[in-house]
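# Structural overview
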Amino acid sequence: MIQIRNLTVDLGEFHLNNLSLTIHDHDFFVLMGPTGAGKTVLLDAIAGLVPVSGGSIVISGRDMTTSPPEKRGVGIMYQDYALFPHMTVSQNIRFGLRYHKIKPQRAATDFQNLTTELGIAGLLKRYPDTLSGGERQRVALARALIVAPQVILLDEPLSALDPGFREEIRLLLKRLHTHSAVTFLMVTHDFAEALALATRAAVIHNGQIQQTGQGMDIFHKPASRFVADFVGMKNIFPATFSGSSAVIENLKMVLAAPVSCPTGHIAIRPEDIMLSPAPTGLDDPDGTDGPDSAATGQNAFQGQITAIIDHGFIYELHVQAGEVVFKSHMSKAAMVDRALSTGKKTMVSFSPAAVHVF
Amino acid sequence: MTRKDPFFWVAVSCGMLIFAFILLPLVELVTAPSVAMLKQTLHDKTVLRAIWLSVYTAGAAAVISFLIGTPLAFVLARTRFPGKKLVESIIDLPIVIPHPVVGIAILGVAGKNHWLGKIMADLSIRLMGSVSGIIVVLTFVGMPFYINSVKNGFEAISPRLENVARSLGASMSGAFFRITFPLAWRSILVGMIMCAARAISEFGAVIIISYHPMTAPVLIYERFEGYGLEYSQPVAVWLVLVCLTLFLALRILAPSAPGNRT
């Protein structure tokens, strides 16, 4: 278990601010955050590579706050893999063996197994600069894992790879985690990676942990505006609550459950917002009234499309209803079917369950 | 930049001018003495001794710089601390100080009126007119070139390589000797060549500390003063040739580590 208490690191541009975090044994813990949030600094601090100005780091019950990196049993794999360019693949992988009391026979077996499992047994005599990105990554993994660390820190392991490779390495990481006793701590700015791999996850911002929990929990129930934004809840509005209804600007909507505090935020995922053709004969130019939400059990408002943004596979539509702009995602095919275009009137609807309150 | 661009032709003309400026005097120097003259100079024991003294004192300066300059270069490349700019400026001082001033400054410390000079006198170390004195002077003027070159070499190596080595169990020195040093080897060698090259050409400071034993530049100066241009040229040619051969050989022999190919 890694227990980080009130950790403070100040490297000028990058800093950690009174950060606390607990990572359990054999977690695949994913730390998410935007670039510059302090992710890599936290990894470096756990590995003992940056000076800590306050707080403590306890690994498996031993206070490691001031221990040198070589005494911590923490392996690290950087985004650029940091293979030793003057050594062959084999020499790279064996680098750490001499510092650990591993019997030569055991080391030879581990070496064999790891290189076979990682599919790099054929590369042993090559130098790093002749390897592809994926191959380098596997070598870096083997090098870190062969000394059997308690924890392995992975710094954005997938972001430098071609998209096709990512899936493969993601599966490999999952397999390695399942088959070993090592705790994995990975940092990424990609939320999808986190969802696919994490047993537990946290969001870091400005050198502080914003939220910790299961990946899906963070995805569905962000605890703050920042996290909601980070996990892609594009519709985040300040709201006032009374019972199980909420008011944003002049729109009143139904919630799945009553809320106790009078003010806060609501957030709705763009894929939960449905667009349907405006009912004919509805003579309501400002579009704020709509059908009575409470009566239908759905929240529905009349609006007008103000912008359509091309995101590749999907379109993001901005629909203004009253003073509020909702953002909705729609596949390209659906767009063509419904002949939607900027300026068209449309109905915006979402179920009370899709409205997240915090 | 296209060929039609006037700036291209300005650059070419300036380049030619510089080439002529550097090569014309040197070519004149090398071609002036006759082959017979050159052969004859080779039999002159004084000349051989002076060239040998120049080569090995410069080499010694490079080795000393290597031994005590490398750790400092590493620290300068890897750490940031208040006053670092000042430290770097102090290291560069020997480059900007006029050469005779260097000699005079060192004499001031080595003399009997200074505590350091007294300690050295007690240990019967003499700098005035000795090989040790020459080596001290050459190290003084050559060291900045070594440290700057090696510092750049260390800076070019990602600290992440050392970090990974540490995380795999290597101590700080283990990471340095197994990772950083082998990767920086080329720039260390280049640094030593730069240092030795600067040292071998030193005249102004050497002549103040030690007229005798005579290094090649001092001998060339003496021949020029005593007998004229004609007698100094053959010695100069041999010094230039020896230096060129040595430095060229070192450059060629410098091992290029795999993965570090340039």
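As shown above, the structure is provided for reference.
One structure accompanies this document, and this report is about it. (Residues numbered from 1 in each chain as written. Chains lettered and ligands numbered in written order. Predicted model: local features only at pLDDT ≥ 70, side-chain atom pairs only at ≥ 80, totals over all residues. Heavy atoms only, no water.)

## Points about the interface of chain A and chain B
With 28 residues of chain A in contact, the opposing surface of chain B contributes 21 residues. Summed over both partners, the interface of chain A with chain B buries about 2,200 Å², with 63% contributed by carbon and sulfur atoms. If you sort the residues of chain A by the area they bury against chain B, Glu70(A), His86(A) and Phe95(A) come out on top, with a joint share of 27%. Applying the counting criterion to the chain A and chain B interface returns 2 salt bridges. Put simply, Arg160(B) and Asp80(A) hold a salt bridge, and the shortest N to O gap is 3.6 Å. Those elements that provide at least two residues to the side of chain A that touches chain B are strand E6 (74–77) and helix H4 (133–145) of chain A. (Contact = heavy atoms within 4.5 Å. Buried area = accessible area lost by both parts, 1.4 Å probe. Salt bridge = Lys/Arg side-chain N within 4 Å of Asp/Glu carboxyl O. Helix = DSSP H or I, 4+ residues; strand = E, 2+ residues; numbered from the N terminus.)

## Some points on the pairing of strand E13 (residues 251–254) of chain A
Side-chain positions along a regular strand alternate between the two faces of the sheet. Residues and elements named next belong to chain A. Covered by surrounding structure in E13 are Leu-251 and Met-253 only, the residues Lys-252 and Val-254 on the alternate face being uncovered. By the bridge criterion, 4 bridges tie strand E12 (residues 245–248) to E13 in an arrangement that is antiparallel. Bridging across to E13, Ala-246 finds its partner in Met-253. In sequence, E12 turns back onto E13 through a hairpin of 2 residues, with Glu-249 there showing a positive phi of about 50°. (Buried < 20%, exposed > 50% of the residue type's maximum accessible area, 1.4 Å probe, protein only. Pairing = 2+ DSSP bridges.)

## As for the packing of helix H3 (residues 45–78) of chain B against helix H12 (residues 229–253) of chain B
In a packed pair of helices, the relevant descriptors are the angle between the two axes and the axis-to-axis distance. Residues and elements named next belong to chain B. The N-to-C vectors of H3 and H12 enclose an angle of 35°; their axes lie 11 Å apart at closest approach. The two elements H3 and H12 cross, and the hand of that crossing is right-handed. For the pair H3 and H12, the contacting residues are Val-47, Ile-51 and Val-55 in the first and Val-235, Trp-238, Leu-239, Val-242 and Leu-246 in the second. Considering only residue class, the contact of H3 with H12 consists of 8 nonpolar, no polar and no charged. (Axes fitted to C-alpha atoms, helices over the stretch in contact; angles between N-to-C directions. Left-handed = near helix turned anticlockwise from the far one by under 90°. Nonpolar A, V, L, I, M, F, W, Y, C, P; charged D, E, K, R; others polar.)

## Thoughts on the environment of Ala140(A)
All names here are of chain A. Along the chain, Ala-140 falls in helix H4. Given a relative accessible area of 2%, Ala-140 falls into the buried group. Every residue in contact with Ala-140, bar those within four places of it in the chain, is listed here: Met-77, Tyr-81 and Leu-83.

## Remarks on the sheet that holds strand E20 (residues 356–357) of chain A
With respect to topology, 5 strands assemble into an open sheet ordered E13-E12-E11-E14-E20 (chain A), the strand pairing being antiparallel. Looking at which strands have only one partner, the edges of the open sheet turn out to be E13 and E20 of chain A.

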